[in-house]
Amino acid sequence: MTMKKRSLKNYTLRYLVVAILAVIALWAALFYWYIIEEVYDNIDDGLKDSKLRITREIKASPELLETGQYGIAQFRFTPLPGGDYSKKTHIYNSMMYMPYDDDDEPVRVLQSIFKENGQYYQLEIYTSTVEEDELLEDLLTALVVLYLALVGSIILINHFILRKAWTPFYRLLRQLQGYRIGSGQELEKPYGDVREFDELYGELRAMTRRNETIYTQQKQFIANASHELQTPLAIAANKLELIMGEGDLSEDQLVRINDVNQTLHRMKRLNRSLLTLSRIDNRQFQASETVVFNDLVQESLADLQILSSHKNILVSTENNGSFTMEMNRDLAVILLNNLLKNAMVHNPEKGTVNIRISDKELSIYNSGETPLDPQKIFRRFYKDEQNPNSTGLGLAIVQSIVSLYPPLSVSYRFDRGHCFLLHK
Amino acid sequence: MKILIIEDEKELVGVMQTALEKENYLVESASDFHSALDKIVGYEYDCILLDLMLPGGDGLDLLSEIKKLKKKDAVIIISARDAVDDKVLGLDLGADDYLAKPFHLAELNARVKSAIRRRKQHGEQHITWRNILVDPENRTVRVDRQELALNRKEFDLLYYFVTNPERLITKTSIAEYVWGDHTDQADSLDFVYSQIKNLRKKLGNAGADADIQAVYGVGYKMI
């Protein structure tokens, strides 16, 4: 299962939005509870105070006991039938009709029972109180506004502050995306106040420099090794040639020396191919000109004529357009020669080679029975078992040349024969 | 005729010297930049074989010196560097030819002969072997003064043989000299055979006093 990846900025935001919601909800519950407690506490104090005043007032004016209905006074007395009553005071919430807005409104009522002149009375005092549902509603509205304001400002802050803070990071990232080993390009130091990004830059620069050095050393090693092999190879091969020219050898000795000589020359070709590869990879073919592949194909075919006529291969060319490239001429020659030579060599006796050229494509088709593995043929030292003399580098060289000149590409497919396609 | 080999690899100097002395050249050698410069300044040579990587300096600088001294010596660069740029630069600086290491001794012979012949302003411009006369400049062949028509490859083949007469030339060497780099395949040696067969037939029909003999399937020798 793959998680949908988010940008860093949205990553924290997602959690913040949920967390703030939870915090605000919890805070609202506590705040509400606390405020209500405080309000009731205040109201109750007032009610108790009223009760005290009223009970005192009764001593002076007992006619107050006659107040049987709530009037202006907001209290009433109800004489209770005989019996024993608890003198406990209750305070509770209730609803009461208020003519001013023609509706029941919440009230806080204090209910107390006391004895006056041997008669039990129930005293009820009310006072208007908060409408809890309206309070809740108001509170909720306020909280929603607060929440939105918070989230909005966090998004804005996140956007601007984080964007500013992470700029060096994204700049580094873009440089890394465009980074190719061997190009020798240095990472630019991104400006910013974040220490971690400076450290990241420092480490990345050290790493790329290390890699560049290793890469250069390796390339240099291949080039040097190939160079250094040339002279000993020359000495060995030439000494054998001298021996062969001396003339007092038996046939068997001569043939055996020649075998060794041929092996040395195979090594020489291998070595040259490696050198060519390393020169291509080291971009030592700098000069560039407009190369018309149609013409090069004809030149190359003329060079290879000895091969094609020897195997009685029928070669045909279809020019449906002009395939031109801005590139190094020597490389273009190597590229075409390798492809065409391949088409001749991996071809049965009396086979065919068909070259089709258009403005965008150049295809080289040759007869063949067994498909090749398109994944492997362009690799270095991938060898055709039937041809022990092949260096296994021809198509690797083709691949190396092609990759120097994007958008040029080369591909292979099998369609009742081998087909190599150059595309630009 | 005198040849100077400028090369720091003693073994290679040895084989080159042996091969060239067989062709009756007088061969001297120098193994570093300064001794090479001394010899160039002090003596005249018909041909200088110049390695580019030398102890004490770059072979291309030696080449510039030779040209500054207005020497008539033919110069063939012999290098393991085998880089296109070196080749172009060397030829631009006035080298007569460029031979990449490793090379066949027969090819060295052919190149040395060509270079010396081209340098000689008033001398013999043709190469003759018995009654065969080869004119490399016009790419024509005469047998007993009768012109013999050869195609391009056949001419190259004959030129290779007349510059290396009575010597065994291996098939690999022939294939590389005449057909260049395209011959690195197993069946390349077969078409050397068919090409030689054609050349022999033409030489025989023209009455040439020379024969190309196969030597045990290893190579050929013109006698």
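Conventions we followed
- Residues numbered from 1 in each chain as written.
- Chains lettered and ligands numbered in written order.
- Predicted model: local features only at pLDDT ≥ 70, side-chain atom pairs only at ≥ 80, totals over all residues.
- Helix = DSSP H or I, 4+ residues; strand = E, 2+ residues; numbered from the N terminus.
- Buried ≥ 20, exposed ≤ 12 C-beta atoms within 10 Å, placed from the backbone.
- Contact = placed C-beta atoms within 7 Å.
- Axes fitted to C-alpha atoms, helices over the stretch in contact; angles between N-to-C directions.
- Parallel < 35°, antiparallel > 145°, perpendicular 65-115°, else oblique.
- Left-handed = near helix turned anticlockwise from the far one by under 90°.
- Nonpolar A, V, L, I, M, F, W, Y, C, P; charged D, E, K, R; others polar.
- Pairing = 2+ DSSP bridges.
- Expected span 1.5 Å × (residues − 1).
- pLDDT = per-residue confidence, 0-100.

Trainee: Give me the overall build of chain B: which residues, what numbers.
Mentor: Secondary structure summary: chain B contains 8 helices and 14 strands in total. Taken across its 223 residues, chain B has 43% of its residues classed as buried. For chain B, the share of sequence-separated contacts (at least 6 apart) that also reach a separation of at least 24 residues comes to 58%.

Trainee: Can you break down the packing of helix α2 (residues 132-177) of chain A against helix α3 (residues 195-245) of chain A residue by residue, with the values?
Mentor: Residues and elements named next belong to chain A. Where α2 contacts α3, the two axes come as close as 9 Å, and the packing angle between them is 20°. One way to sum up the angle between α2 and α3 is to call them roughly parallel. The hand of the α2/α3 crossing is left-handed. Every residue of α3 that contacts α2 at P168, F169 and L172 is listed here: F197, L200, Y201 and L204. Within the contact of α2 with α3, the residues separate by chemical class into 7 nonpolar, no polar and no charged.

Trainee: Break down the interface of chain A and chain B for me, citing the residues and quoting the values.
Mentor: On the chain B side, the residues contacting the 36 residues of chain A number 31 residues. Considered class by class, the residues forming the side of chain A that touches chain B number 13 nonpolar, 13 polar and 10 charged.

Trainee: Now, about the sheet that holds strand β14 (residues 219-222) of chain B: what can you tell me, with residues and values included?
Mentor: Residues and elements named next belong to chain B. As summarised here, the arrangement of the 3 strands in space is β12-β14-β13, forming an open sheet in which the pairing is antiparallel. Single-partner strands in this sheet number two, and they are β12 (168-170) and β13 (212-215). On average, each strand axis in the sheet is inclined to that of its neighbour by 35°, with strand direction left out of account. In this structure, β12 lies alongside β14, joined through 3 bridges in antiparallel fashion. Bridge pairing in β14 places T170 opposite G219.

Trainee: Run through helix α4 (residues 251-281) of chain A, naming residues and quoting values.
Mentor: Spacing of three or four residues puts side chains on the same side of an α-helix, whose turn is 3.6 residues. A rise of 1.5 Å per residue sets the reference length of α4(A), with its 31 residues, at 45 Å; its end C-alpha atoms lie 45 Å apart and thus fit the reference within 8%. Downstream of α4(A) by a residue or two, R283(A) has a phi angle that is positive, lying close to 50°.

Trainee: Please set out the pairing of strand β3 (residues 103-116) of chain A residue by residue, giving values where relevant.
Mentor: Residue and element names in this part refer to chain A. Sheet topology places strand β2 (residues 90-98) next to β3; 9 bridges connect them, and they run antiparallel. By the bridge assignment for β3, I91 is matched with L110. Here β2 hands over to β3 after 4 residues, with D102 in that stretch at a positive phi of 55°. Both β3 and strand β4 (residues 119-128) contribute to a ladder of 10 bridges, which runs antiparallel. The partner of V107 across the bridge, within β4, is S128.

Trainee: Which residues make up helix α8 (residues 394-404) of chain A, and what are the values?
Mentor: All names here are of chain A. By the criterion of burial, α8 is predominantly enclosed, with 8 of the 11 residues buried. When we look at burial in α8, the residues that qualify are G394, L395, A396, I397, V398, S400, I401 and V402. Buried residues in α8 make contact with α4, α7 (329-345) and β10 (409-414).

Trainee: I'd like a description of the sheet that holds strand β11 (residues 418-423) of chain A, backed by residues and values.
Mentor: All names here are of chain A. With mixed pairing, the 5 strands of this open sheet are ordered in space as β6-β8-β9-β11-β10. Two strands in the sheet have a free side with no partner beyond their single neighbour: β6 (314-319) and β10. Averaged over all adjacent pairs, the angle separating strand axes in this sheet is 15°, with direction ignored. Where β10 and β11 come together, 6 bridges link them in antiparallel fashion. Each bridged residue has a counterpart across the sheet, and for S411 the counterpart in β11 is L421. The sheet strands contacting helix α5 (residues 293-303) are β6, β8 (352-357) and β9 (361-366), and the helix crosses β8 at an angle near 160°.

Trainee: Requested: an account of the pairing of β8(A), with residues and values cited.
Mentor: All names here are of chain A. Going residue by residue along β8, you find V353, I355 and I357 tucked away on one face and T352, N354 and R356 left uncovered on the opposite face. The sheet contact formed by β6 and β8 spans 6 bridges and is parallel. Paired with L314 across the two strands is T352, which belongs to β8. What sits between β8 and β9 in their antiparallel hairpin is a turn of 3 residues.

Trainee: Mind laying out unusual backbone geometry, listing which residues take part and the relevant values?
Mentor: The amide bond that connects P406(A) to the next residue, P407(A), takes the cis arrangement and shows omega of 5°. Between K101(B) and the following residue, P102(B), the backbone shows a cis peptide bond with an omega angle of -10°. Following the sequence through the fold, P102(B) ends up in the loop between β7 (97-100) and α5 (105-119). We note that R145(B) has phi near 70°; this positive angle belongs to a residue other than glycine. With respect to the helices, strands and loops of the structure, R145(B) is situated in the loop between β10 (140-143) and β11 (146-148). For R145(B), a count of 7 C-beta atoms within 10 Å puts it in the exposed group.

Trainee: Lay out the confidence of the model for chain A with the relevant residues and their values.
Mentor: Per-residue confidence for chain A gives a mean pLDDT of 86, with 98% of residues at or over 70. When pLDDT is averaged over each element of chain A, β8(A) comes out on top at 94 and helix α6 (residues 305-310) of chain A at the bottom at 80.

Trainee: Please set out the confidence of the model for chain B residue by residue, giving values where relevant.
Mentor: The share of residues in chain B with pLDDT of 70 or more is 92%, and the mean pLDDT across the chain is 86. Within chain B, the lowest mean pLDDT, 76, falls on helix α4 (residues 84-92) of chain B, and the highest, 94, falls on strand β1 (residues 2-6) of chain B.

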